[in-house]
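# Per-entry structural report
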Amino acid sequence: MGIHDQSYRRYAGPRTEPGAAWGVIAWSGIRALLARRLFLVVLLFAWSQFVVRAVVFYLSANFPSMELIAPSAQTFRDFFDQQDFFVFVVTVYAGAGLIANDRRANALQIYLAKPLTRAEYVAGKAGVLVVFLLLVTWTPAMLLLVLQTMFAGSLAFVRENVFLVPAMTVFALLEVLAATFAMLALSSLSTSARFAGMLYAGAILFTTAIFQTVRGVTGSSAASWISFSANLAQVGDVIFGVAPRHDTPWGVSLLIVVGLIGVSLAVLRWRVRGVEVVT
């Protein structure tokens, strides 16, 4: 019988560059969601407004009698407003279980026992939500701008509204990052995706309800800082150069949105760890 040498040998296979593991986590989460038919239906409905506005842009560009419906900077601002519902749905559907499911299966210990940092893990999970949220906000908005240019056969609209590209990019990133990290933070607090989704929905709806109640009693929108959605809307108006819809100073609204992202990151730093600490 032959004797085989089983001594240590250096690994000679392909090596992954440090810091690239987050992409594997993100791609795995994206593929898992794309395999769900219900989620694909949600994405399809999220693009329905894009189709409607594309038709309007075509009509306004080719029929002089329909100049009243021609696009403007306000049109693109309204597009983001009307996508808020789909941002909410996609955030809850795609994000509620991203960390909660791993906590329920005790998978965090497995993830972080590998050469994978906590930041890479969070970045990978965040990447899943960021991709899909940009897919229902920034991507269709930019395509609408491209279609408007094609239908008009001129760059006149883009030259007159050159600020739209950075405005849409900045606002989309702010909205997406705020929703992403808030959802991930709530997901890290529970082992139930359903409960995490309810927490997020409750936070959005409850703060909006309180703001609307105060507004109805006082007749002023100065308390819009209470509502997460109202703060984003206020900042969005300023970014797009339109009149702010609330009486709260936009700087206060921006500070609250940025503060929410910071608090969410602090929660993730506290909850995402390789060893569960029991006190």
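Above this text sits the structure in question.
Our subject in this report is the structure included herewith.

Cut-offs applied
Residues numbered from 1 in each chain as written. Predicted model: local features only at pLDDT ≥ 70, side-chain atom pairs only at ≥ 80, totals over all residues. Heavy atoms only, no water. Helix = DSSP H or I, 4+ residues; strand = E, 2+ residues; numbered from the N terminus. Expected span 1.5 Å × (residues − 1). Contact = heavy atoms within 4.5 Å. Buried < 20%, exposed > 50% of the residue type's maximum accessible area, 1.4 Å probe, protein only. Phe/Tyr/Trp six-rings, centres within 6.5 Å; stacked < 30°, edge-to-face > 60°. Lys NZ or Arg CZ within 6 Å of the ring centre and 35° of its normal. Salt bridge = Lys/Arg side-chain N within 4 Å of Asp/Glu carboxyl O. Core = buried A, V, L, I, M, F, W, Y, C linked by side-chain atoms within 4.5 Å. Axes fitted to C-alpha atoms, helices over the stretch in contact; angles between N-to-C directions. Parallel < 35°, antiparallel > 145°, perpendicular 65-115°, else oblique. Left-handed = near helix turned anticlockwise from the far one by under 90°. Nonpolar A, V, L, I, M, F, W, Y, C, P; charged D, E, K, R; others polar.

## So, helix H9 (residues 138-152)
- End to end, H9 covers 21 Å across 15 residues, agreeing with the expected 21 Å (1.5 Å per residue, within 8%).
- Elements in contact with the buried residues of H9: helix H3 (48-62), helix H4 (73-82), helix H8 (118-135), helix H10 (156-160) and helix H11 (164-188).
- Looking at the residues trailing H9, positive phi occurs at Gly 153, about 65°.

## Considering unusual backbone geometry
- Positive phi, normally seen in glycine, also occurs at Asn 106, with a value near 55°.
- In this structure, Asn 106 sits in the loop between helix H6 (97-104) and helix H7 (107-113).
- Overall, Asn 106 belongs to the exposed group, its relative accessible area being 51%.

## A few points about the packing of aromatic side chains
- If you walk through the whole model with that rule in mind, you get 13 aromatic pairs.
- Ring centres of Phe 39 and Tyr 93 lie 5.4 Å apart, and the angle between their planes is 15°; on these two criteria the pair is classed as stacked. Here Tyr 93 lies in helix H5 (residues 84-95) and Phe 39 lies in helix H2 (residues 37-46), a separation of 54 residues in the sequence.
- On the basis of relative accessibility, which here comes to 0%, the residue Phe 39 falls in the buried class.
- The class for Tyr 93 is partly exposed, based on a relative accessible area of 27%.
- One Lys or Arg, Arg 77, reaches over the ring of Phe 171 and ends 4.9 Å from the middle of that ring.
- Above the ring of Trp 270, the side-chain terminus of Arg 271 is found at 5.2 Å from the ring centroid.

## Some thoughts on the environment of Val 128
- By the element assignment, Val 128 lies in helix H8.
- Residue Val 128 is classed as buried on the basis of its relative accessible area of 1%.
- Measuring from C-alpha to C-alpha, the distance between Val 128 and Val 214 comes to 36 Å, with 86 residues separating the pair along the chain.

## Observations regarding the pattern of salt bridges
- Overall, the coordinates contain 5 salt bridges when judged by the stated rule.
- Across the pair Asp 81 and Arg 77 runs a salt bridge whose closest N-O atoms are separated by 3.2 Å. Of this pair, Asp 81 and Arg 77 both sit in helix H4, separated by 4 residues, roughly a single helical turn.
- Between Asp 237 and Arg 77 there is a salt bridge, and its shortest N-O distance comes to 3.0 Å. Of this pair, Asp 237 sits in helix H13 (residues 228-239) while Arg 77 sits in helix H4, placing them 160 residues apart in sequence. Exposure class is identical for Asp 237 and Arg 77. Each is buried.

## Topic: H6
- Across the 8 residues that make up H6, a large majority, 6, are buried.
- Every buried residue belonging to H6 is among Gly 97, Leu 98, Ile 99, Ala 100, Asp 102 and Arg 103, and all of these are buried.
- Here the buried face of H6 lies against H5, H7, H8, H11, helix H12 (193-218) and helix H14 (250-271).
- Downstream of H6 by one or two residues, Asn 106 has phi in the positive range, about 55°.

## Focus on the nonpolar core
- Core analysis: the largest hydrophobic core is formed by 68 residues, its most contacted members being Phe 76, Tyr 121 and Met 168.
- By residue number, the principal contributor to this core is H11, which donates 15 residues.
- Not counting the four nearest positions on each side in its chain, Met 168 is found in contact with Phe 76, Phe 80, Trp 138, Ala 141, Met 142, Leu 145 and Phe 240.

## Side note on the packing of helix H1 (residues 21-34) against H8
- Viewed as axis vectors pointing N to C, H1 and H8 meet at an angle of 40°, and their least axial separation amounts to 7 Å. Relative to H8, H1 is oriented oblique. Helix-helix and strand crossings are classified by hand; for H1 and H8 the assignment is right-handed. Contacts between H1 and H8 involve Ala 21, Trp 22, Ile 25, Ala 26, Gly 29, Ile 30, Leu 33 and Leu 34 from the former and Glu 120, Tyr 121, Ala 123, Gly 124, Lys 125, Gly 127, Val 128, Val 131 and Phe 132 from the latter.

## Here we look at the packing of H8 against H11
- At their nearest, the axes of H8 and H11 sit 9 Å apart, and the two run at 135° to each other. The angle between the axes of H8 and H11 places the two elements in the oblique class. Judged by the sense of rotation from one axis to the other, the crossing of H8 with H11 is right-handed. Contacts from Val 122, Lys 125, Ala 126, Leu 129, Val 130, Leu 133 and Leu 134 of H8 reach H11 at Ala 172, Leu 173, Val 176, Leu 177, Ala 179, Thr 180, Phe 181, Met 183 and Leu 184.
- Here the contact of H8 with H11 is composed, by residue class, of 14 nonpolar, 1 polar and 1 charged.

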